[in-house]
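# An overview of the molecular structure
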Amino acid sequence: MMYKWATIIALCVVQINGYVIVDPELGVDPETLLPNVDTSGINGLSATGLYCNTGTRQSPIDIPYCVQKSLSALRIEGHGDVRPEGFTMLNTGSTAQISYNGLPVPTLSGGPLPKDSTYEFVQAHFHWGNDNVEGTEHAIHDTYGALEIHFVHRKSTYNDLATAIQHSDGLAVFGIIFSEQETNNTRLDKIIPNLANIITEGTTTTLDEDAMVWLEEVISAFQYYNYPGSLTTGDCNEVVNWIVMKRKVGISAAQVAKFRNLIGKDGYPIEEYRRHVQNLNNRVIKCARKDTSRFH
Ligand SMILES: [Zn+2]
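Residues numbered from 1 in each chain as written. Predicted model: local features only at pLDDT ≥ 70, side-chain atom pairs only at ≥ 80, totals over all residues.

What the protein chain contains, in helices and strands, is 4 helices and 18 strands. Out of the 296 residues in the protein chain, the part that is buried amounts to 39%. Long-range pairs, those at least 24 residues apart, make up 74% of the contacts in the protein chain with a sequence separation of at least 6. (Helix = DSSP H or I, 4+ residues; strand = E, 2+ residues; numbered from the N terminus. Buried ≥ 20, exposed ≤ 12 C-beta atoms within 10 Å, placed from the backbone. Contact = placed C-beta atoms within 7 Å.)

Next up, the structure:
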């Protein structure tokens, strides 16, 4: 049945080893896509840490295709909840970072994550570029967005982040890509205007209890790409189970520009915070079927 389907629309879908390989944006022949990206000449920051130049499962990547698989339900719990204690947003000197105040800690489990494991939310942070054409770390089909947010989680059996990044199953990160639109996305009004309160490195501000409810519509779309990768900063430890959400969020150029007002460690505005894409090597990018994930 699946084979027949693959044959019928062979121009955009092929079947290998029992899996269906789907172009992330239907309509392009995946055989014309190169699994390894020529990263020369691509804008972005070069990382110099321990594994950044020697690793074989580095992030971010361009996602040229994905292998459609039936995965158990991915459970994304608590990230978009209203939280009476609110959120704290910090200028780290590199980016704006959001932590969740109070309990419970949001969690990720199921889906592509190891069986019977739970990953606990640590922090979320943003990446952006000099311009809105190449503003994200991940690309889909060589197309970037204007901004990307990463939600970092550590496996609950590791006591802290420092321990987790020493283990290949230590972290799970889900990313959401924002694409430029003409008008402001007012659903981000509980976050972006508050960037003005953290212009200086080390300063923090508190976000309202409903600052993250915009997440609900993104994650409830259920669809995502999944691949084994690394941190994109620091030592680029190869410890991240990456989940990149397929649904994008709109954002205006004026809204992205607010991130570039933040002052970094060097005393100058942070015009860019993104690593360029890395070679895929022999990694398989999975895409989950629409009906297998649940958002709570
Ligand atoms: Zn990141």
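One ladder, built from 4 bridges, connects strand S5 (residues 74-77) with strand S8 (residues 107-110); its direction is antiparallel. What sits directly across from Ile76, in S8, is Leu108. The pairing of S8 with strand S9 (residues 118-128) spans 3 bridges and is classified as antiparallel. Looking at the pairing, Thr107 lines up with Glu120 of S9. (Pairing = 2+ DSSP bridges.)

Looking now at the nonpolar core. In this structure, Leu147, Val173, Tyr225 and Phe259 are the most contacted members of the largest nonpolar core, which totals 67 residues. Looking at this core, the element that brings in the most residues is strand S12 (residues 171-181), giving 7 residues. (Core = buried A, V, L, I, M, F, W, Y, C linked by C-beta atoms within 7 Å.)

When strand S6 (residues 87-91) meets strand S7 (residues 96-100), the two strands line up antiparallel, connected through 5 bridges. Bridge pairing in S7 links Met89 to Ile98. Between the antiparallel neighbours S6 and S7 lie 4 residues, among them Gly93 with a positive phi of about 95 degrees. By the bridge criterion, 2 bridges tie S7 to S9 in an arrangement that is antiparallel. Within the sheet, the bridge partner assigned to Gln97 lies in S9 and is His125.

A few words on the confidence of the model for the protein chain. The predicted coordinates should not be examined in detail at positions where pLDDT is low. Of the residues in the protein chain, 81% reach a pLDDT of 70 or more, and the chain-wide mean stands at 86. Note on residues 1-18: pLDDT under 50 across the span, and 21 contacts to partners over four residues away in sequence or across chains. pLDDT under 50 marks residues 26-41. Its contacts with residues more than four places away, or in other chains, come to 26 contacts. (pLDDT = per-residue confidence, 0-100.)

Peptide bonds are, in most cases, trans, and in most cases residues other than glycine have a negative phi. For the peptide bond that leads from Ser59 to Pro60, omega is 0 degrees, which places it in the cis range. Here Pro60 is to be found in the loop between strand S2 (19-22) and strand S3 (62-63). A positive phi is found at His141, a non-glycine position, where the angle reads about 60 degrees. Among the structural elements, His141 can be located in the loop between strand S10 (139-140) and strand S11 (147-155). Of the residues examined, His141 has 13 C-beta atoms within 10 Å and is grouped as partly exposed. The phi dihedral of Asn281 is positive, around 55 degrees, even though this residue is not glycine.

This part covers the environment of His153. Structurally, His153 can be placed in strand S11. Note on His153: 29 C-beta atoms within 10 Å, which makes it buried.

Moving on, we get to the environment of Leu108. When you line up the elements, Leu108 lands in strand S8. Sequence spacing of Leu108 and His153 is 45 residues, and the spatial spacing of their C-alpha atoms is 7.6 Å. Contacts of Leu108, omitting those with residues within four sequence positions, involve Arg75, Ile76, Leu113, Tyr119, His153 and Ala172.

Once that is clear, we can look at the environment of Val152. When you line up the elements, Val152 lands in strand S11. Distance in space between the C-alpha atoms of Val152 and Gln123 is 5.5 Å, their sequence separation being 29 residues. Once residues lying within four places of it in the same chain are set aside, the contact partners of Val152 are Val122, Gln123, Ala124, Leu171 and Val173.

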